[in-house]
There are 4 protein chains.
Amino acid sequence: MEAFSDGVLAIIITIMVLELKVPHGDSLSSLQPILPVFLSYVLSFTNIGIYWNNHHHMMHTVHKVSGTVLWTNIHLLFWLSLFPFATAWMGENHFSTWPVALYGFISMMAGIAYYFLAHCLADLHGKDSTLAKALGKDRKGILSVVFYIVGIGLSFINSWVGFSMYILVAAIWFIPDRRIEKNMQ
Amino acid sequence: MEAFSDGVLAIIITIMVLELKVPHGDSLSSLQPILPVFLSYVLSFTNIGIYWNNHHHMMHTVHKVSGTVLWTNIHLLFWLSLFPFATAWMGENHFSTWPVALYGFISMMAGIAYYFLAHCLADLHGKDSTLAKALGKDRKGILSVVFYIVGIGLSFINSWVGFSMYILVAAIWFIPDRRIEKNMQ
Amino acid sequence: MEAFSDGVLAIIITIMVLELKVPHGDSLSSLQPILPVFLSYVLSFTNIGIYWNNHHHMMHTVHKVSGTVLWTNIHLLFWLSLFPFATAWMGENHFSTWPVALYGFISMMAGIAYYFLAHCLADLHGKDSTLAKALGKDRKGILSVVFYIVGIGLSFINSWVGFSMYILVAAIWFIPDRRIEKNMQ
Amino acid sequence: MEAFSDGVLAIIITIMVLELKVPHGDSLSSLQPILPVFLSYVLSFTNIGIYWNNHHHMMHTVHKVSGTVLWTNIHLLFWLSLFPFATAWMGENHFSTWPVALYGFISMMAGIAYYFLAHCLADLHGKDSTLAKALGKDRKGILSVVFYIVGIGLSFINSWVGFSMYILVAAIWFIPDRRIEKNMQ
């Protein structure tokens, strides 16, 4: 399961760069129109990097999988697979309302899917397992979904404010899940 | 063999998203034209997910491969590799007759190719092997091919009726092959 | 080394399908213009499948690698990476002279690169190794390069005759390298 | 970590070929406009090949990773992921000033990121580790960054002179890191 997920994440993180359309001019200013797409690319690259990192950590605590786990994992990959699309739409439209809201929606759905996967795995391993203890009440997981919802709402007032909520979530997750690292020792 | 197949499936499932062309407008309504492509994408994502899942389960019962097995596997990957094309053609033409029929044809060929692969592996391992017992008369495999043929036929009467046959097949396979799981215990 | 090569081959074989541009019409006849590209795709898919198959077999006889081996392997991947380009150019131009000749040239260079890799590995393992014995005088390897040269030449008289030479080489290699299988027992 | 990095590198090296846009004509001269893109492709293919090679060698000396290492690795992959873009921009603009300077900038950033990764790993393993001894003062790593800076500067005088600096760096790294090989024995 990890090999397939690693493969999908590696492809998502890499094909996003195909949305950085090569400009026709050769001056420095011809790069300007793709700057927003680049900014959007940086956030998505970081987000996929975070998912890979935490997915990787989580898989190291896992001893068995079930059919349900396989499908909650594919469900997560489905939402992550929409990142290249959402990234490009948000960047090409210079972070206007609807694209920012959609980006938040897809991020939120991926967050919920990750929550399902983590708790599905924790249930399978019992409440005394490393994973279950590490997750605990999973405040971080719930918090990010809440932040994404707030971000979507704020993007209808000012899309840049909404967007900064997404950056905030990325910042929270930037550090690999220390809870698992701590409980493994 | 599994690593290569996993790689190909991971790439197919991910590059399909490149067919979701980013719309030029930034309003919610500018997403409308790509809704059919998205619907088509969801079905294909599920289908490739099913193939990965079952392929994965099957490979775990396999102890040896032959030259013939390698080629029946590549034959399966060939038909699966045409999914991004068929998905985009069907979505972009709003599920009209020929695109729906072609999607069914490619799904059917993939189904037949999987049938060949499974039976080729079962023959190699003998009729008392886990795999051979799990496959049995392989009603599910034969049924899906029949359903695809019916779906192709129906798509010439009403393409949505044909399309719903494909969804039906996906629904049948959604649950990982319990026959193998059962026989492995 | 095998994981990286498997990855590159899996990506090459899959992204070629992106050159099958989705037609705008939804009639059966709108598929006609892409038939030559499809034919070209089938040959390339088979060719990459053959390389994967034989590369895979060869790697199973290998116990050590050197810096030179790593680079002869990357050299092989370089020529194989040009297949999507050559495939699309040949298909889109309906197998006219220059595209067919270029396809033959890239196939020939890949053949030479594989020859180098195989002999470089055989040298490293000594002349009594499984690999060295299996390769022998490597008539099949030399023959394919000769056939490609003949095919390139013939394509200037009649490009379809040249093209059929490439199909001939694929047919010769279709069966996995039995020489290695035989010598391993 | 190696599987994910190998996957990303395999995808980067392969999708670059998608920037070699298939020309419309079928004459030999219709290939001429893409010759600069091809030249640019060859350099980038070699560069990614070098990174894969050295990354691969380095990972074989590694026994443990930390959260910081994971992120310095993703940071390296980020800069490498921009190669397809920089390659296409440089090739399509026939090696004019700004595109050559940007290519140099991205190469330089990748060089710095690799330096960080290598030293981060060396610190983690202690100064008596194989890796730390192999790196030593890492003259080669520092030298390439200096050469890239010089190349960027020179590209504003004559972009081809700047470009040849990048070829020089590739030539220096072409041979796999013998320092590690030596110290491992």
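First things first, this report covers the structure right here in the doc. (Residues numbered from 1 in each chain as written. Chains lettered and ligands numbered in written order. Predicted model: local features only at pLDDT ≥ 70, side-chain atom pairs only at ≥ 80, totals over all residues. Heavy atoms only, no water.)

### Looking at the overall build of chain A
From N to C terminus, chain A includes nine helices and zero strands. In chain A, the succession of α and β elements from N to C terminus is α-α-α-α-α-α-α-α-α. Taking 16 Å as the expected radius of gyration for a compact globule of 185 residues, we find that chain A reaches 17 Å, a close match to that expectation. Viewed in the frame of its principal axes, chain A has a C-alpha envelope of about 60 × 35 × 30 Å. Counting across all 185 residues of chain A, residues that qualify as buried make up 63%. At a minimum sequence separation of 6, the contacts of chain A that also span at least 24 residues come to 78%. Summed over its atoms, the accessible surface of chain A is roughly 7,300 Å², and 66% of this surface lies on carbon and sulfur atoms. Looking at chain A, you have 10 positive and 10 negative side-chain charges, and the mean spots of the two groups are 14 Å apart. (Helix = DSSP H or I, 4+ residues; strand = E, 2+ residues; numbered from the N terminus. Rg over C-alpha atoms; globule rule 2.2 N^0.38 Å. Buried < 20%, exposed > 50% of the residue type's maximum accessible area, 1.4 Å probe, protein only. Contact = heavy atoms within 4.5 Å. Areas by Shrake-Rupley, 256 points an atom, 1.4 Å probe, with all protein chains shown as cover. Lys, Arg positive; Asp, Glu negative; His and termini not counted. Charge placed at Lys NZ, Arg CZ, Asp CG, Glu CD.)

### A look at helix H5 (residues 97-125) of chain A
Relative to the 42 Å expected for 29 residues at 1.5 Å per residue, H5(A) spans 42 Å between its end C-alpha atoms, a close match to the ideal helical length. One or two residues past the end of H5(A) sits A:Gly126, with phi positive at roughly 90°. (Expected span 1.5 Å × (residues − 1).)

### Some words on the packing of helix H7 (residues 139-155) of chain D against helix H8 (residues 159-173) of chain D
Residue and element names in this part refer to chain D. The contact between H7 and H8 brings their axes to 7 Å, and the two run at 165°. As the angle between them shows, H7 and H8 are arranged roughly antiparallel. Judged by the twist between their axes, the crossing of H7 over H8 is left-handed. Contacts from Lys140, Gly141, Leu143, Ser144, Phe147, Tyr148, Val150, Gly151, Ile152, Leu154 and Ser155 of H7 reach H8 at Ser159, Val161, Gly162, Met165, Tyr166, Leu168, Val169, Ile172 and Trp173. A breakdown of the residues in the contact of H7 with H8 according to their chemical character gives 13 nonpolar, six polar and one charged. (Axes fitted to C-alpha atoms, helices over the stretch in contact; angles between N-to-C directions. Parallel < 35°, antiparallel > 145°, perpendicular 65-115°, else oblique. Left-handed = near helix turned anticlockwise from the far one by under 90°. Nonpolar A, V, L, I, M, F, W, Y, C, P; charged D, E, K, R; others polar.)

### Describing the packing of aromatic side chains
To describe a pair of aromatic rings, one takes the distance between the centres and the angle between the planes. All names here are of chain C. The full count for this structure, using the stated rule, is 68 aromatic pairs over all chains. Their ring planes at 80° and their centres at 5.1 Å tell us that Trp98 and Phe156 sit as a pair that is edge-to-face. In this pair, Trp98 is assigned in helix H5 (residues 97-125) and Phe156 in the loop between helix H7 (139-155) and helix H8 (159-173), connecting sequence segments 58 residues apart. For Trp98, a relative accessible area of 34% puts it in the partly exposed group. Residue classification places Phe156 among the partly exposed positions, given a relative accessible area of 42%. Taking 5.8 Å as the distance between ring centres and 90° as the angle between the ring planes, the aromatic pair formed by Trp160 and Phe163 counts as edge-to-face. A residue pair is termed a helical-turn pair when its members lie 3 or 4 positions apart in one helix, as Trp160 and Phe163 do in helix H8 at three residues. By relative accessible area, which is 45% here, Trp160 ends up partly exposed. (Phe/Tyr/Trp six-rings, centres within 6.5 Å; stacked < 30°, edge-to-face > 60°.)

### Quick look at the pattern of salt bridges
Residue and element names in this part refer to chain B. Evaluation of the coordinates by the stated rule reveals four salt bridges over all chains. Here Lys21 and Glu19 are joined by a salt bridge, their closest N and O atoms 3.8 Å apart. Residue class for Lys21 comes out partly exposed when judged on its relative accessible area of 48%. (Salt bridge = Lys/Arg side-chain N within 4 Å of Asp/Glu carboxyl O.)

### Some points on a nonpolar patch on the surface
Where nonpolar side chains cluster on the molecular surface, the patch consists of A:Leu28, D:Trp98 and D:Phe156 and spans about 290 Å² of accessible area. Within the secondary structure, A:Leu28 sits in the loop between helix H1 (2-15) and helix H2 (35-59). The exposure class of A:Leu28 is partly exposed, given its relative accessible area of 44%. (Patch = residues over 30% accessible without salt bridge, like charges linked within 9 Å, V, L, I, M, F, W, Y side chains within 5 Å.)

### Topic: the relation of the copies chain A and chain D
In screw terms, the move from chain A to chain D is a rotation of 90° and a rise of 0.0 Å along the axis, fitting with an RMSD of 0.0 Å. Taken together, the rotation angle and the small translation identify this as a four-fold axis. (Least-squares fit on C-alpha atoms with pLDDT ≥ 70 in both.)

### Some remarks on the relation of the copies chain B and chain A
Relating one copy of the chain to the other takes a rotation about an axis and a shift parallel to that axis. Relative to chain A, chain B is turned by 90° and slid 0.0 Å along the rotation axis, the superposed coordinates differing by an RMSD of 0.0 Å. Here only 6% of the interface residues in chain B have copies in chain A that are interface residues too; the copies meet through unlike faces.

### A few points about the environment of A:Phe163
All names here are of chain A. Classification of Phe163 as buried rests on a relative accessible area of 4%. Separated by 15 residues in sequence, Phe163 and Tyr148 have C-alpha atoms that sit 9.3 Å apart. Setting aside chain neighbours within four positions, we find Phe163 in contact with Leu39, Leu43, Met90, Phe95 and Val100.

### Thoughts on the interface of chain A and chain D
At the junction of the two partners, chain A supplies 33 residues and chain D supplies 28 residues. Counting each side, the surface lost to burial between chain A and chain D is near 2,600 Å², with a carbon and sulfur contribution of 80%. For chain A, the biggest contributors to the area lost against chain D are A:Val22, A:Asp26 and A:Trp52; these three give 24% of the whole. Our count for the contact surface shared by chain A and chain D stands at zero salt bridges. There are three residue pairs in polar contact (both at pLDDT 80 or more) connecting chain A and chain D. Of all elements in the fold, only H1 and H2 of chain A reach the threshold of two or more residues within the side of chain A that touches chain D. Per-element accounting of the side of chain A that touches chain D gives the leading share, 11 residues, to H2(A). Tallied by class, residues from the side of chain A that touches chain D come to 20 nonpolar, 10 polar and three charged. (Buried area = accessible area lost by both parts, 1.4 Å probe. Polar contact = N/O pair within 3.5 Å; in protein donor to acceptor, adjacent residues only side chain to side chain.)

### Some details on the interface of chain B and chain A
Listed per partner, the contact involves 33 residues of chain B and 28 residues of chain A. In total, chain B and chain A occlude about 2,600 Å² of area from one another, counting both sides; carbon and sulfur atoms represent 80% of this. Contact with chain A buries surface across chain B, with B:Val22, B:Asp26 and B:Trp52 losing the most and accounting together for 23% of the total. Linking chain B to chain A there are zero salt bridges.

### A closer look at the side chain of D:Ser159
Looking at the secondary structure, you find D:Ser159 in helix H8. Not counting residues within four places of it along the chain, the set of residues in contact with D:Ser159 comprises D:Phe95, D:Ser96, D:Thr97, D:Val100 and D:Leu154.

### Things to note about the environment of A:Ala134
Tracing the backbone through its elements, the reader meets A:Ala134 in helix H6 (residues 130-135). Taking the C-alpha atoms as reference points, A:Ala134 and A:Ala122, separated by 12 residues in sequence, lie 9.3 Å from one another.

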